[in-house]
Amino acid sequence: MKKRIFLAALAMVATLLSATTQAETKNLSLMLDWFVNPNHGPIVIAKQRGYFADQGLEVEIQEPADPNMPPKLVAANKVDLAISYQPNLTIDVAAGLPLIRSATLIATPLNMLMVLDNGKINDLADLKGKKIGIAIAGTEEASIGTMLDTVGVNYADVDIINVGWALSASLASGKVDAIWGGLRNFETNQLALEGFKAKAFFPEEHGVPVYDELIFVANADIYDKDAIRGFNKAIEQATIYITNHPQAAWEEFVAYAPDTLNNELNKRAWRDTLNRFALRPSAVDLQRYDDYAEFMYEQKIIKTLPKAQDYVPTL
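In this text, all values refer to a predicted model and were calculated from it rather than measured experimentally.

(A) Fine view of the packing of aromatic side chains. Under the defined criterion, the tally for this structure stands at 9 aromatic pairs. Centroid distance phenylalanine 52 to phenylalanine 231: 5.2 Å. Interplanar angle 15°. Geometry classified as stacked. With a gap of 179 residues between them, phenylalanine 52 in helix α3 (residues 51-54) and phenylalanine 231 in helix α9 (residues 225-244) connect regions that are remote in the sequence. Judged by relative accessible area, phenylalanine 231 falls into the buried class, the value being 1%.

(B) Quick look at helix α6 (residues 140-149). Taking burial as the measure, the 10 residues of α6 include 8 buried ones, the bulk of the element. If you check which residues of α6 are buried, you get Glu140, Ala142, Ser143, Ile144, Gly145, Thr146, Met147 and Leu148. Those residues of α6 that are buried are in contact with β5 (111-116), β6 (131-134), β7 (159-162), β8 (178-183), β9 (198-201) and α13 (286-298).

(C) Looking closely at the sheet that holds β9. Across the sheet, 5 strands lie side by side as β7-β6-β8-β5-β9; this open sheet has mixed pairing. The open sheet is flanked by β7 and β9, the only strands paired with a single partner. Taking each pair of neighbouring strands and ignoring which way they run, the sheet shows an average axis angle of 35°. Inspection of the sheet shows β6 paired to β8 by 3 bridges, in the parallel sense.

(D) Broad picture of the pattern of salt bridges. Counting across every chain of the model gives 9 salt bridges. Across the pair aspartate 224 and lysine 26 runs a salt bridge, and its minimum N-O distance is 3.2 Å. With aspartate 224 in the loop between β10 (214-219) and α9 and lysine 26 in strand β1 (residues 26-31), this pair connects stretches of sequence that are 198 residues apart. The exposure class of aspartate 224 is partly exposed, given its relative accessible area of 33%. For lysine 26, a relative accessible area of 32% translates into the label partly exposed. Across the salt bridge formed by lysine 197 and aspartate 117, the nearest N and O atoms sit 3.8 Å from each other.

The rules we used
Residues numbered from 1 in each chain as written. Predicted model: local features only at pLDDT ≥ 70, side-chain atom pairs only at ≥ 80, totals over all residues. Heavy atoms only, no water. Phe/Tyr/Trp six-rings, centres within 6.5 Å; stacked < 30°, edge-to-face > 60°. Helix = DSSP H or I, 4+ residues; strand = E, 2+ residues; numbered from the N terminus. Buried < 20%, exposed > 50% of the residue type's maximum accessible area, 1.4 Å probe, protein only. Contact = heavy atoms within 4.5 Å. Pairing = 2+ DSSP bridges. Axes fitted to C-alpha atoms, helices over the stretch in contact; angles between N-to-C directions. Salt bridge = Lys/Arg side-chain N within 4 Å of Asp/Glu carboxyl O.

Right, dumping it as structure tokens:
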């Protein structure tokens, strides 16, 4: 009789502990900026290795149907977190969207102005009268315009065409003469695998202030500080693991979706991304944000000048 009572008590305690654990688990939805690729390595590794779970989080990773939408869905409280870009966050905040930067994923620019290395365009000045393809509208006038201005070419002297997802294909096919929005760890490798040699012009070497390429954004009005802190700790742990064990991390990364991730393009991109991940995702340089906002304000891309302290909180 006593044994049955003891076993029943144990079962009740186990049930209560299980219920407590489940109650403490927080669900977070995260929308990426693009389909899953090596730029998202720390996110995938954090999920694969249970780092999110260790922080009491269940993170749902979503891919966008439209790469312009993730921040807007966060602002509308449709998803909890999204990956965006520092320049785009500045535009969104200046426009009144309730967004904050919650962490950094890649802290150096990846974007570039790319052409085929075929002797036709050897200098930025050669882009006068040419077509430039972009993927996401927003900062191209400020960035491309500033780069061209360093060689005496006006922004109005080029033709901007939104080619969506097809950046590399549009350049390779000759639909456009250059692309903006291609990433130096991805499009360069994609074109190389297709037999094309590319030439890049880097914005930070042509008058554009340095910025964080990929960041996480949350809703400024309703974000869960504790959940975000746990999320950031998991991302940091995953980044350290990737840095220490790049090959093992690659194998765990592709295991997330082997049919789409385990290919030569992603393998090359993984190699070129390893030194780009932010080792301290929570850390931020407020002056960098203010400098870039002032640049966009001077370029008339934004009409109001937000202060970093208002949308880059200490978490």
